[in-house]
Amino acid sequence: MPIINIRFIKDVVATEEQKAELIVRMTDTFVDVLGDVVRPFVYCIIDEVPVGLWGIGGVPMPDLPYLVGDEFAEVREKSNQQMRDAIEQMAADAEAAKE
């Protein structure tokens, strides 16, 4: 039994109508790939996490000022730079291995 799981913040992300549409469209997409034979067995579950019971980078959410503020921008940029450095190092290592 295939399970499609959608998780988001309760009463913040989607209306009841949007949730119903997500169930239909996610199921249809799954069936488009695997064939109509799986339709009766596809479960689509929406989990809604209550406000205050989730976080980003150790900061409980929703803290909208944090998400649009300088502190989170700095955290994201630091992470992005670390990823760029790692990719650059991997490319250098691959180039050195060719020699």
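Anything mentioned here points back to the structure above.
Just so we're clear, the structure is a prediction, and the values are computed from it rather than from any experiment. (Residues numbered from 1 in each chain as written. Predicted model: local features only at pLDDT ≥ 70, side-chain atom pairs only at ≥ 80, totals over all residues. Heavy atoms only, no water.)

Trainee: Got a minute to help me understand the overall build of the chain in this structure?
Mentor: Scanning the chain for helices and strands turns up three helices and four strands. Starting at the N terminus and ending at the C terminus, the chain contains elements arranged as β-α-β-β-β-α-α. The globule rule puts the C-alpha radius of gyration for 99 residues at 13 Å, and the 21 Å found for the chain is more than 25% above it. Here the C-alpha coordinates of the chain stretch approximately 55 × 45 × 15 Å along the principal axes. In the chain, which comprises 99 residues, the share counted as buried stands at 17%. In the form shown here, the chain has an accessible surface area of approximately 7,600 Å², with 59% of it arising from carbon and sulfur atoms. Between the averaged position of the 9 positive side-chain charges in the chain and that of its 19 negative side-chain charges there is a distance of 3 Å. (Helix = DSSP H or I, 4+ residues; strand = E, 2+ residues; numbered from the N terminus. Rg over C-alpha atoms; globule rule 2.2 N^0.38 Å. Buried < 20%, exposed > 50% of the residue type's maximum accessible area, 1.4 Å probe, protein only. Areas by Shrake-Rupley, 256 points an atom, 1.4 Å probe, with all protein chains shown as cover. Lys, Arg positive; Asp, Glu negative; His and termini not counted. Charge placed at Lys NZ, Arg CZ, Asp CG, Glu CD.)

Trainee: For this particular structure, what's the right way to read the side chain of Thr-27?
Mentor: Positionally, Thr-27 belongs in helix H1 (residues 16–34). On the accessibility criterion, Thr-27 (10% relative accessible area) is buried. Leaving out residues up to four positions away in the same chain, Thr-27 has contacts with Ile-4, Leu-22, Arg-39, Val-42 and Cys-44. (Contact = heavy atoms within 4.5 Å.)

Trainee: Just to check I follow, could you spell out the pattern of salt bridges for this structure?
Mentor: One side chain can pair with another of opposite charge once the charged atoms of both are near each other. The final tally for this structure, using the stated rule, is seven salt bridges. A salt bridge links Lys-19 to Glu-48, with the shortest nitrogen-to-oxygen separation between them at 3.0 Å. Here the residue Lys-19 occupies a position in helix H1, and Glu-48 occupies one in strand S2 (residues 43–49), the gap between them amounting to 29 residues. The exposure class assigned to Lys-19 is buried, which follows from its relative accessible area of 8%. We note a salt bridge from Arg-39 to Asp-28, for which the minimum N-O separation is 3.0 Å. You can see Arg-39 sitting in the loop between H1 and S2 and its partner Asp-28 sitting in helix H1, a full 11 residues away along the chain. You can call Arg-39 partly exposed: its relative accessible area is 34%. Each of Glu-16, Lys-19 and Glu-48 takes part in one network of salt bridges that share partners. (Salt bridge = Lys/Arg side-chain N within 4 Å of Asp/Glu carboxyl O.)

Trainee: What should I look at first to understand a nonpolar patch on the surface in this one?
Mentor: Where nonpolar side chains cluster on the molecular surface, the patch consists of Met-1, Ile-3, Phe-41, Tyr-43 and Ile-45 and spans about 540 Å² of accessible area. Here Ile-45 is to be found in strand S2. (Patch = residues over 30% accessible without salt bridge, like charges linked within 9 Å, V, L, I, M, F, W, Y side chains within 5 Å.)

Trainee: Help me out: how do you make sense of the nonpolar core in this one?
Mentor: Most often, soluble globular proteins have nonpolar side chains that are buried together. Of all hydrophobic cores here, the largest spans eight residues; its members are Ile-4, Ile-6, Phe-8, Ala-14, Val-31, Val-38, Val-42 and Cys-44. Here this core gets three residues from one element, more than from any other, and that element is strand S1 (residues 3–9). When neighbours within four sequence positions are excluded, Phe-8 is seen to be in contact with Val-13, Ala-14, Lys-19, Leu-22, Ile-46, Asp-47, Glu-48 and Val-49. (Core = buried A, V, L, I, M, F, W, Y, C linked by side-chain atoms within 4.5 Å.)

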